Amino acid sequence: MLRSILLPSLALFALPALHGCATPLAASDSDASQHSAIATDAPDGDDDEKEDEDDAEKKAHKLAREIAGMEWKLEQAQLDRTATEIDVALDLGQAEQAVVDAGVAVEEAALALQTFTQVESAHELDSSKLDLDRSQTRAVQAAQELAELQSMYDVEEFAEKTKELVISRGQTNLEMAQRSLDLQQRSHALLSDFELPKKTRALQREVDEAKRKLKRAERQLEKARIEAEKRRRSAAHEIEELELDLAEKRAEVEA
Amino acid sequence: MSSILIALVALAPLRQDVPVAGTGDGPAGGGPDIVEVVGGDAITEALRARPEVPKTMTVDEARDALDRSLEWLVSTQLENGSWGTSALDGILELGFSIETYYAWQVSSHALATMALQKADETPERLAAFERAVRWLCDTRLPQRGSDWDTDYTWAGLYGLVATSRAAVDPRLTDPELRAAIDRRGREFWRLLETTEVPSGGWAYYDDPPYSRRPSWATSFCTALVMPSLARAEGLGWIEDPGHLRRATAALQRCAQPNGAYTYNASFGIPRAGAGESINSIKGSLGRIQVSHWALGSLGDPSITPDRIRQGLEWFFEHHRFLDVARMRPIPHEGYYANAGYFYLFAHYYAAEVIDLLPEAERQAWHERLRPHLIKIMRSDGSSTDFLGTAYMLTAGTALNALSLQKGMPARE
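Residues numbered from 1 in each chain as written. Chains lettered and ligands numbered in written order. Predicted model: local features only at pLDDT ≥ 70, side-chain atom pairs only at ≥ 80, totals over all residues. Heavy atoms only, no water.

Student: Please give an account of the overall build of chain A that cites residues and values.
Tutor: On a plain count of helices and strands, chain A comes out with four helices and zero strands. The order of α-helices and β-strands along chain A, N terminus first, is α-α-α-α. Here chain A holds 255 residues, and 25% of them are scored as buried. Across chain A, the fraction of contacts at a sequence separation of at least 24, relative to all contacts at a separation of at least 6, is 86%. Accessible surface, chain A: about 17,400 Å² in total, of which carbon and sulfur atoms supply 53%. (Helix = DSSP H or I, 4+ residues; strand = E, 2+ residues; numbered from the N terminus. Buried < 20%, exposed > 50% of the residue type's maximum accessible area, 1.4 Å probe, protein only. Contact = heavy atoms within 4.5 Å. Areas by Shrake-Rupley, 256 points an atom, 1.4 Å probe, with all protein chains shown as cover.)

Laid out in structure tokens, this is it:
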């Protein structure tokens, strides 16, 4: 495919270089053999002169082919440089985006930590404290209710069984309220002394990790930039080399 | 609170697998809601183990107890003529609006005033009565406590009953006091006029959507005030007879084919309850008495002596359901959704309705009633059937005294 695209342009390069030749140098091998056959059909005599002409023609043909090959390589190198530029742009863009993303991640992690330590932690703690206070109040109220019921039934002589039932229920309520309070106290301590600090530490680690990833992304970007420069230079250098070679070869033809 | 009641009533059918109260000495019988007796339950045990009380009690046997309860009212009356406090004085009734505790103080005060008015006269009791009337006339009128809590209606209900009775008491001769009674009676009526539900009658809570004029009425709130509405009409405090007519119609709608009276009075079509419904006979023991008394006092021809007797027979036959509910601190936690505070209310209106029967048979009924009043009286003369708060003690003692006073001739 590439060859079929390049052949017409090769012909264009070749024509100016072979200006003045009797036979188009861009001709195919079959054309050359035909041309050779025609030359063989020339009348005898002066064979040396004929051989010289053949050598010159062969040499010109060889040079033309070398030049065409070098021009093709040069064009390949130019295309490679374009592709390299695109690759480099993509790689650099990716590396730059990675830095941006890592920076955002750091901000998000820092914000999460800040929100947790300044708002959420206090909210959870207050909520737990409210539950604790409710349990405390409920326990106090259960004790007060029991005391009120005991006081009320102390002077009741008739409702003995009802008294037993109600007082027993009041005692159970108080016991449940006290157990609930105990559980709530432990839950609150667990939250304030362990769970919240643990979550704070976890969020801090996420901030640190995000910062590490940002640093790494920044270094990766530096590396990508160096590699991009290196690849650009390499591509340019190859083209320069090929252009020099081509120029020398063309000079050789003209000489 | 009405929603709590509804919830409790709704739960009642779920409790049918629970051992149900009974005496163990025969089928409950008597009504359409016979429940099989199942042993092992604490309430059943309570019923079985309840102390023996005499089946009847004469006037002489009861008089000392009545004196004790009146003495308690006289001795606990404050200098300004009131009883108790307008603030919550126990934590078992947290959650009502602040105004409600004052409304309950006013309504229990009205009951205590009524009890002192009916008492055998002594200088101390008369002075206490006059002080109580003055406070009732001078104290500020309670206001609606919140959107749902309209307990201030209680102050209007018993306030109107007490002032309308005081207004016709010939012993109160001070013109200023009589004018104050007249003014306050009209103010209590204006409170009731404001809280009368569109279909007639009164209650003490409102349900969403809340409105300036509440929408819920009960049979017993309506019934307790109806005879006083008639008295207030006679006093010129109420001009429109439509209020009493609507109240009467509402109460008559509450009468069910089984003889019970529904709890709610604000409905289109009454529904007879099944199972452990509060609207069964056993859940309606007090409402039957107050409804018969109200309608009978106003000349409803359907309230015949036989019907009153049947209501009283049910009252004594199923009295255990009032017994086991008394002093239970959670409203409506008794079987058939009986509440502790049904007890003395039911007994007072039983005592009232007895006096609608032919005179010759009244004493026998009162003799059956008295033991159930005296057995719950504390040694200091006070009574309560629900909680130990000041307003409950005042109201309970007053209701007990009012009940004992019925059928008790004046001391010679």
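Student: Give a description of the pattern of salt bridges that names residues and reports values.
Tutor: The final tally for this structure, using the stated rule, is 39 salt bridges over all chains. As a salt-bridge pair, R326 of chain B and E156 of chain A come within 2.9 Å of each other at their nearest N and O atoms. Highlighted residues: R326 of chain B in the loop between α12 (319-325) and α13 (342-354) and E156 of chain A in the loop between α3 (47-154) and α4 (160-254), drawn from two different chains. We classify R326 of chain B as buried; its relative accessible area is 1%. (Salt bridge = Lys/Arg side-chain N within 4 Å of Asp/Glu carboxyl O.)

Student: Tell me about the interface of chain B and chain A, and name the residues and values.
Tutor: The partner chain A presents 16 residues to the 26 residues of chain B that form the contact. A combined buried area of about 1,800 Å² lies between chain B and chain A, and 66% of that area is made up of carbon and sulfur atoms. For the pair chain B and chain A, the interface holds three salt bridges. Counting only elements with at least two residues in the side of chain B that touches chain A, the list comes to α2 (42-49) and α12 of chain B. With five residues, the single largest contributor to the side of chain B that touches chain A is α2 of chain B. (Buried area = accessible area lost by both parts, 1.4 Å probe.)

Student: Summarise the packing of helix α4 (residues 98-118) of chain B against helix α5 (residues 123-138) of chain B; cite the residues concerned and give the values.
Tutor: Residues and elements named next belong to chain B. In contact at an axis separation of 9 Å, α4 and α5 are set at 145° when each is read in the N-to-C sense. Crossing geometry of α4 relative to α5 is assigned as left-handed. Where α4 approaches α5, its residues Y102, Q105, V106, H109, A110, T113, L116 and Q117 are matched on the opposing element by R125, A128, F129, A132, V133, W135 and L136. Tallied by class, residues from the contact of α4 with α5 come to ten nonpolar, four polar and one charged. (Axes fitted to C-alpha atoms, helices over the stretch in contact; angles between N-to-C directions. Left-handed = near helix turned anticlockwise from the far one by under 90°. Nonpolar A, V, L, I, M, F, W, Y, C, P; charged D, E, K, R; others polar.)

Student: Tell me about the packing of helix α8 (residues 219-235) of chain B against helix α9 (residues 242-254) of chain B, residues and numbers included.
Tutor: Residue and element names in this part refer to chain B. Axis separation between α8 and α9 bottoms out at 9 Å; the angle between their running directions is 150°. It follows from the interaxial angle that α8 and α9 lie roughly antiparallel. Remark: the crossing between α8 and α9 carries left-handed chirality. Of α9, the residues touching α8 (which contributes S219, T222, A223, M226, L229, A230 and E233) are L244, A247, T248, L251 and C254. Residues of the contact of α8 with α9, tallied by class, amount to eight nonpolar, three polar and one charged. (Parallel < 35°, antiparallel > 145°, perpendicular 65-115°, else oblique.)

Student: Quick rundown of the nonpolar core? Include the residues and the values.
Tutor: Among the nonpolar cores identified, the biggest contains 131 residues, and Y158 and L224 of chain B are the most heavily contacted of them. In terms of residue count, α13 of chain B provides more of this core than any other element does, eleven residues in total. Sequence-distant contacts of Y158 of chain B, defined by excluding residues within four places in its chain, comprise S107, A110, L111, M114, L224, F345 and Y349 of chain B. Residues L113, L196, A210 and A224 of chain A belong to the second largest nonpolar core, which totals 19 residues. (Core = buried A, V, L, I, M, F, W, Y, C linked by side-chain atoms within 4.5 Å.)

Student: Describe empty space enclosed by the protein, naming the residues involved and giving the relevant values.
Tutor: All names here are of chain B. This structure, assessed with the given rule, holds two cavities of 30 Å³ or more. When its volume is computed, the largest cavity comes out at roughly 50 Å³. Forming the boundary of the largest cavity are T85, A87, L88, D89, E93, Y101, T389 and Y391. Taken together, the residues that form the lining of the largest cavity break down as four nonpolar, two polar and two charged. (1 Å grid on protein atoms, 1.4 Å probe; cavity = no way out; pocket = protein on both sides within 12 Å on 5 of 7 lines; lining within 4 Å. Points joined across faces, edges and corners; volume = space filled by probe spheres on them.)

Student: Go over the environment of T200 of chain A, please, and point to the residues and values.
Tutor: Examined against the element boundaries, T200 of chain A turns out to sit in helix α4. In this structure T200 of chain A touches L113, F116 and T117 of chain A, once residues within four positions along its chain are discounted.

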